[in-house]
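Results of the structural survey
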Amino acid sequence: MDLHTITSPSFLKELDQKQLVELSEDIRKFLIENLSKTGGHIGPNLGVVELTIALHRVFNSPADKFIWDVGHQSYVHKILTGRASQFDTLRQFKGLCGFPKRNESEHDVWETGHSSTSLSAAMGMAAARDIKKAKNHVVPIIGDGALTGGMAFEALNHIGHAKTNMIVILNDNEMSIAPNVGAMHSVLGRMRTAGKYNKVKDDLEYLLKKIPAVGGNWLPPQNASKTA
């Protein structure tokens, strides 16, 4: 697919599974080719291709608000919202910003120049939505590194206390710019490597893939339950 022809993410809702896989491959190739010339955050963006496609396929940006934390994982979001043709200017003077930028697109609703701000921003947007009695979704996407920041914990405390309706996505990609430390990092590490956790995840994926019209052509992992 010619990514330069994309003007809106709404086209994703019309693609079948094969086309979505092909689109993912095209985006990864595009990122590698372009970032090898301009520089930029290649690892975090190669890791969020399917996640970003899924978000734009399920939700309706810009009515639904995506808040990327710290923001360097937003390149795929920029491609899907019509900015592929600007990638040769990435991180250059008056060029495409390496982070979400509100004056670039209506799909960029929060500027993240520092980490750990997404949850508090989302809390504010959700509160404003509720005051206006609107129905849109607020979806912060926070990395495992940004989650360890103090502002993120304060926001989680506020969100839980207010029982605010929002969807928080933890992108636990181990792609922080420096090694993570602290108890939260240790807990996430233990979850990733826990045998029971991985078995439950594999079994649940196996079940979902068997649902007609939802599942696709997929082979179950060797340790997935055959009786589930």
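The shown structure was predicted, so the numbers you read here are calculated from the model rather than taken from an experiment.

A word on the overall build of the protein
A count of helices and strands for the protein gives 8 helices and 3 strands. Listing every helix and strand of the protein by position from the N terminus yields α-α-α-β-α-α-β-α-β-α-α. Taking all 228 residues of the protein together, 39% fall into the buried category. Intrachain contacts of the protein at a sequence separation of at least 6 include 66% that bridge at least 24 residues. Summing over all exposed atoms, the protein offers an accessible surface of approximately 12,800 Å²; the carbon and sulfur share of this is 57%.

Focus: the nonpolar core
In this structure, Leu23, Ile27 and Leu80 are the most contacted members of the largest nonpolar core, which totals 22 residues. In terms of residues, this core owes the most to one element, helix H1 (residues 17-38), which gives 6 residues. In this structure, Ile27 is in contact with Leu3, Val49, Ile53, Val76, Ile79 and Leu80, ignoring residues within four places of it in sequence.

Focus on the sheet that holds strand E3 (residues 169-171)
Note on sheets: strands pair through backbone hydrogen bonds, and any given pair is parallel or antiparallel. Reading across from one edge, E1-E2-E3 is the order of the 3 strands in this open sheet, with parallel pairing throughout. In this open sheet, the two strands that pair with only one neighbour each are strand E1 (65-69) and E3. Mean inter-strand twist for the sheet, computed between neighbouring axes without regard to direction, equals 20 degrees. Pairing of E1 with strand E2 (residues 138-143) involves 5 bridges; the strand directions are parallel. Bridged to Lys65 within E2 is Val138.

Looking at the pattern of salt bridges
Considering all chains together, one arrives at 8 salt bridges under this definition. Close ionic contact of Lys78 with Glu104 constitutes a salt bridge, the shortest N to O distance being 2.7 Å. Here Lys78 is found in helix H4 (residues 75-83), whereas its partner Glu104 is found in the loop between H4 and helix H5 (118-131), with 26 residues between them in sequence. A relative accessible area of 24% places Glu104 in the partly exposed class. When the shortest N-O distance is used, the salt bridge between Arg83 and Asp108 registers 2.8 Å. In this pair, Arg83 sits in helix H4 while Asp108 sits in the loop between H4 and H5, placing the two residues 25 residues apart along the sequence. Just as Arg83 is buried, Asp108 falls in that class too. The network of salt bridges with shared partners includes Lys78, Arg83, Glu104 and Asp108.

Some thoughts on the side chain of Thr112
Looking at where Thr112 falls in the secondary structure, it is placed in the loop between H4 and H5. A relative accessible area of 1% places Thr112 in the buried class. Looking at Thr112, its side chain comes within polar contact range of the main-chain oxygen of Trp68, at 3.3 Å. A polar atom in the side chain of Thr112 sits 2.5 Å from the backbone oxygen of Val70. Residue contacts for Thr112: discarding those within four places in its chain leaves Trp68, Val70, Gly71, Phe99, Pro100 and Thr117.

Each value, and the rule that gives it
Residues numbered from 1 in each chain as written. Predicted model: local features only at pLDDT ≥ 70, side-chain atom pairs only at ≥ 80, totals over all residues. Heavy atoms only, no water. Helix = DSSP H or I, 4+ residues; strand = E, 2+ residues; numbered from the N terminus. Buried < 20%, exposed > 50% of the residue type's maximum accessible area, 1.4 Å probe, protein only. Contact = heavy atoms within 4.5 Å. Areas by Shrake-Rupley, 256 points an atom, 1.4 Å probe, with all protein chains shown as cover. Core = buried A, V, L, I, M, F, W, Y, C linked by side-chain atoms within 4.5 Å. Pairing = 2+ DSSP bridges. Axes fitted to C-alpha atoms, helices over the stretch in contact; angles between N-to-C directions. Salt bridge = Lys/Arg side-chain N within 4 Å of Asp/Glu carboxyl O. Polar contact = N/O pair within 3.5 Å; in protein donor to acceptor, adjacent residues only side chain to side chain.

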